[in-house]
Amino acid sequence: MFQMNRVVDLHCHSRYSDGTLTVGDLIALAKLRGVSLISLTDHDEVSGIVEAREQSAALNLSFVAGVEISSEWRDMSIHIVGLRIDETESTLTSLLSRIRETRSVRAQRMSEAFANVGMPGMLAGAAAYAPNPDLVSRTHFARHLVDSGVCGSMGEVFSRFMKPGKPGYVAHAWVSMQTAIDSIHAAGGRAVLAHPARYETQFLGGPSTLLKSFAEAGGDGVEVVCASHNPPEWAQYAALARRFNLLASIGSDFHSPMESRVKFGDLPRLSPNLKPVWHDWPEAECLYA
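Calculation criteria
- Chains are numbered independently. Their residues run from 1 in the order of the written sequence.
- It should be noted that, the model being predicted, local features are given only for residues of pLDDT at least 70 and side-chain atom pairs only at 80 or more, the latter also being counted only at that level, while totals for whole chains, interfaces and linings use all residues.
- Derived side-chain values reflect all non-hydrogen atoms in the structure, with water molecules and hydrogen atoms excluded from consideration.
- Runs of E in the DSSP output that reach at least two residues are strands. Runs of H or I that reach at least four are helices, and both are numbered from the N terminus.
- In this description the radius of gyration comes from C-alpha coordinates, and the expected globular size is given by 2.2 Å times residues to the power 0.38.
- Contact between two residues is taken to exist if any of their heavy atoms lie within 4.5 Å; hydrogens are not considered.
- Values of accessible area rely on a 1.4 Å probe in the Shrake-Rupley scheme; residue burial ignores everything except the protein chains shown.
- The sign given to each residue is positive for Lys and Arg and negative for Asp and Glu; His and the chain ends receive no count.
- For this purpose, a charge sits on NZ of Lys, CZ of Arg, CG of Asp or CD of Glu.
- Grid points spaced at 1 Å over the protein atoms alone were grouped into cavities, where a 1.4 Å probe fits but cannot get out, and pockets, open sets with protein on both sides within 12 Å along at least five of seven lines, with lining residues defined by an atom within 4 Å of a point.
- Grid points are joined across faces, edges and corners, and a volume is the space filled by probe spheres set on the points.
- When residues are sorted by character, Ala, Val, Leu, Ile, Met, Phe, Trp, Tyr, Cys and Pro go into the nonpolar class, Asp, Glu, Lys and Arg into the charged class, and all the rest, Gly among them, into the polar class.
- Here a Phe, Tyr or Trp ring, Trp counted by its six-membered ring, pairs with any other such ring whose centre lies within 6.5 Å, and the pair is stacked when the planes are under 30 degrees apart, edge-to-face when over 60, and tilted otherwise.
- Burial status follows relative accessibility: with a 1.4 Å probe on protein chains alone, a residue under 20% of its type maximum counts as buried, one over 50% as exposed, and anything between as partly exposed.

Enquirer: Tell me what's going on with the overall build of the protein chain, and back it up with residues and numbers.
Expert: Scanning the protein chain from N- to C-terminus turns up nine helices and eight strands. Taking 289 residues into account, the globule formula puts the C-alpha radius of gyration at 19 Å, and the protein chain, at 18 Å, falls close to it. Taking contacts inside the protein chain between residues at least 6 apart in sequence as the whole, the part at least 24 apart equals 73%. Looking at the protein chain as shown, the accessible area adds up to about 12400 Å², and 50% of this sits on carbon and sulfur atoms. Of the side-chain charges in the protein chain, 26 are positive and 31 negative, and the distance between the mean point of each set is 6 Å.

Enquirer: Account for the layout of surface pockets, naming residues and giving values.
Expert: If a probe the size of a water molecule is rolled over the atoms, the empty space left behind becomes visible. One number sums up the size of the largest pocket: a volume of about 1700 Å³. For the lining of the largest pocket, the elements supplying multiple residues, two or more each, are β3 (62-73), β4 (76-83), α3 (90-115), α5 (138-147) and α6 (154-161). Of the residues contributing to the lining of the largest pocket, the split by class is 16 nonpolar, 16 polar and 14 charged.

Enquirer: Outline the packing of aromatic side chains, listing residues and values.
Expert: Per the stated rule, a full pass over the model turns up three aromatic pairs. Between F114 and F161, the aromatic rings sit 5.6 Å apart at their centres with planes inclined by 50°, giving tilted as the arrangement. Of this pair, F114 sits in helix α3 while F161 sits in helix α6; the two residues are 47 residues apart in sequence, bridging distant segments of the chain. F114 sits in the buried class, given a relative accessible area of 0%. Between F254 and F264, the aromatic rings sit 4.6 Å apart at their centres with planes inclined by 25°, giving stacked as the arrangement. Here F254 is found in the segment after β8 (247-251), whereas its partner F264 is found in the segment after β8, with ten residues between them in sequence. Look at F254 and you get buried, because its relative accessible area is 3%. Given the relative accessible area of 1%, F264 is considered buried. Through a chain of ring-to-ring contacts, the aromatic side chains of F114, F141 and F161 assemble into a single cluster.

As structure tokens, then:
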């Protein structure tokens, strides 16, 4: 019933958060790469949704509104993607505004931490890479460090500077997982746990404990196939999705043609043994034509 051959990508970013492409260029690239159903899921930001919807319609690309919310579970940062949301709903927009305010505070604290180890001016450097002044992220700091020659790659930045105990690391309290899920539901969307293999859950009961907690909090789905997962992890999270009765999603987490691990369309399709998060969306009818 749920088999399909067309490309779905429900996780990508534009210049409204930490992607490098404009919304128009992002949607055009997705279309060029064969995507049939897409969602723009900028970090804690929905300002690009109207443009993305218009650009998708112009290219005959099926679109659902999305967002990626920064939250936490047991003091660990986790990301929750909201799909097919109403981006104007006040509960969601108010929460996102508060999160962006705390992001601005974190960016200032990160700059101070760098200054304390002899690296002044980091906030101004990072802000030059952030078209949205309300959303200066660690990725923008990383791009500044790479382009200024301090590090040779984004990976080196995060290993040298962004982990606990490193010079640029700043602990931050995000909203709770429950709050993020509830805000997505208030906006009529489905809450999907993003790239679960990325989280260091080994001292918190492992991935099954995280997914169980997510499901018990009302979470709807999990990214089974994504750029952060290898083939054994695709199988692992497929099994966990079935175990906890979670819908399955797929997304490249695309940020940049130069930085992203996979291109649009290069991920494998979901197993037909999984129930996809889009199983009852009118926007997904194009997948089964």
